[in-house]
Amino acid sequence: MVNNDISQVAKLPPELTERYLRYMIDLINGKVVSLVGPAAYMENSGYGEEIESSDVVVRLNRGIESCKKYPKDLGTRTDILYSCLIEKPANAGKIDPKKLAEEKVKMVCAPPFSDSTGRTYPKFIDTFHELVNVETVHALAAAQIPPRVIPSELNNFLWEQIRCKPNTGFLAIYDLLAFKPKVLKIYGFSFYLDGFIPGQKSGITEEQNCSEEEFAEKAFNSKRHIQSNMWRVAKNLLEIPNVSLDPMLEKILKLETFSKEAFKTLR
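The helix and strand inventory of the protein chain stands at 13 helices and seven strands. In terms of C-alpha radius of gyration, the protein chain reaches 17 Å, essentially the compact-globule figure of 18 Å for 267 residues. In terms of its C-alpha atoms, the protein chain occupies a principal-axis envelope of roughly 50 × 40 × 35 Å. The 267 residues of the protein chain split such that 56% are buried. Put simply, the protein chain shows about 12300 Å² of open surface, and 52% of that area lies on carbon and sulfur atoms.

All right, on to the sheet that holds strand β3 (residues 80–82) then. Taken in spatial order, the seven strands of this open sheet run β5-β4-β3-β2-β1-β6-β7, and their pairing is parallel. Both edges of this open sheet fall to β5 (147–149) and β7 (243–245), since each of them pairs with a single strand only. Shown here is a sheet whose adjacent strand axes are inclined to one another by a mean of 20 degrees, direction ignored. With three bridges connecting them, strand β2 (residues 56–60) and β3 associate as parallel partners. Across the sheet, Val58 pairs through a bridge with Ile80, a residue of β3.

For the rest of this paragraph, the subject is the pairing of strand β1 (residues 32–36). Burial analysis of β1 places five of its five residues in the buried class, which makes it a mostly covered element. Taking every second residue as pointing to the same face, both faces of β1 are buried, with Val32, Ser34 and Val36 on one and Val33 and Leu35 on the other. Summarising the sheet, β1 and strand β6 (residues 183–187) pair through five bridges and their orientation is parallel. In the sheet register, Leu35 faces β6, and the bridge partner there is Ile186. The pairing of β1 with β2 spans four bridges and is classified as parallel. Within β2, the position partnered with Ser34 by the bridge is Val57.

Below, the discussion takes up the nonpolar core. Counting residues in hydrophobic clusters, the biggest one holds 88 residues, and the most contacted among them are Met24, Ile80, Tyr82, Tyr174 and Leu237. With seven residues, helix α8 (residues 168–178) is the largest single contributor of residues to this core. When sequence neighbours within four positions are dropped, the list of residues in contact with Leu237 reads Ile173, Tyr174, Leu177, Ile186, Val243, Leu245 and Leu253.

Now for the packing of helix α7 (residues 152–162) against α8. It is at 10 Å that the axes of α7 and α8 come closest, and there the two elements cross at 120 degrees. What the angle tells us is that α7 and α8 run oblique. Remark: the crossing between α7 and α8 carries right-handed chirality. In contact with Leu154, Asn155, Leu158 and Ile162 of α7, α8 contributes Phe170, Leu171, Tyr174 and Asp175. For the contact of α7 with α8, a count of residues per class yields six nonpolar, one polar and one charged.

So, on to the packing of aromatic side chains. In this structure the tally under the stated criterion is eight aromatic pairs. Consider the rings of Phe191 and Phe258, whose centres lie 6.4 Å apart with planes at 85 degrees: the pair is edge-to-face. Placement of Phe191 in the loop between β6 and α9 (204–208) and of Phe258 in the loop between α12 (247–254) and α13 (260–264) is noted, with a sequence separation of 67 residues between them. Classification of Phe258 by relative accessible area gives buried; the value is 17%. Here a set of aromatic residues connected by ring pairs shows up, and it is made of Phe191, Phe220, Trp231 and Phe258. A cation over a ring is seen here: Arg163 above Trp159, with NZ or CZ 4.4 Å from the ring centre.

Cut-off values and rules
Residues numbered from 1 in each chain as written. Predicted model: local features only at pLDDT ≥ 70, side-chain atom pairs only at ≥ 80, totals over all residues. Heavy atoms only, no water. Helix = DSSP H or I, 4+ residues; strand = E, 2+ residues; numbered from the N terminus. Rg over C-alpha atoms; globule rule 2.2 N^0.38 Å. Buried < 20%, exposed > 50% of the residue type's maximum accessible area, 1.4 Å probe, protein only. Areas by Shrake-Rupley, 256 points an atom, 1.4 Å probe, with all protein chains shown as cover. Pairing = 2+ DSSP bridges. Axes fitted to C-alpha atoms, helices over the stretch in contact; angles between N-to-C directions. Core = buried A, V, L, I, M, F, W, Y, C linked by side-chain atoms within 4.5 Å. Contact = heavy atoms within 4.5 Å. Parallel < 35°, antiparallel > 145°, perpendicular 65-115°, else oblique. Left-handed = near helix turned anticlockwise from the far one by under 90°. Nonpolar A, V, L, I, M, F, W, Y, C, P; charged D, E, K, R; others polar. Phe/Tyr/Trp six-rings, centres within 6.5 Å; stacked < 30°, edge-to-face > 60°. Lys NZ or Arg CZ within 6 Å of the ring centre and 35° of its normal.

That is the geometry; function is a separate question.
Here you go:
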């Protein structure tokens, strides 16, 4: 159990940053870790048992909701949640620290505050996004779920390569690798080539007056999170010895061109 004493609004004090860093090392270093994304191709994949067999299971944003609906495909356990903590249907959904504690979530990791291009600056080190509810951060800490901010240095290292705002899942891959897992197994990343697993963005109609499919198309064509740029950089995962990719993701990263037309040839 980690003692959490957050006294600064929306910004972690250095002592907590260091404490959470050590806790992440304990959780990830030398372990078999499964990172589960929201791609539509995960429906009927049957990966649930395989995911559950890992030492650590990591999910993204509203992934805990989806695994309730698709346990045979996604598994049910969540040890670490990477979440933008923006409590809207399009983003993290409603964050309920008490329920996360009941699910035995051990850590929540959030992207650092950054400008509209995705770059962050020294004054924003260990600072949450401006749309994050500070009370939610405090409630996570009170529930003994450390709310950690992903290092700005990593964010900017990736920004330099992709020249856009990295999304939470993309950050999660490289943040986890920094803790040297024995194996990082990655499932369910399609860079929105096939959208989201059904129900992942429930409530989006009320928020943005569009269907889940229409929202997925918006996400695919985003000028802020440029999927083709992240796909291009993620190709390096094919060469990292301790990374294991699900078969569809491996095919996606081996595509010569990034397009939905090319993706359809894989199905």
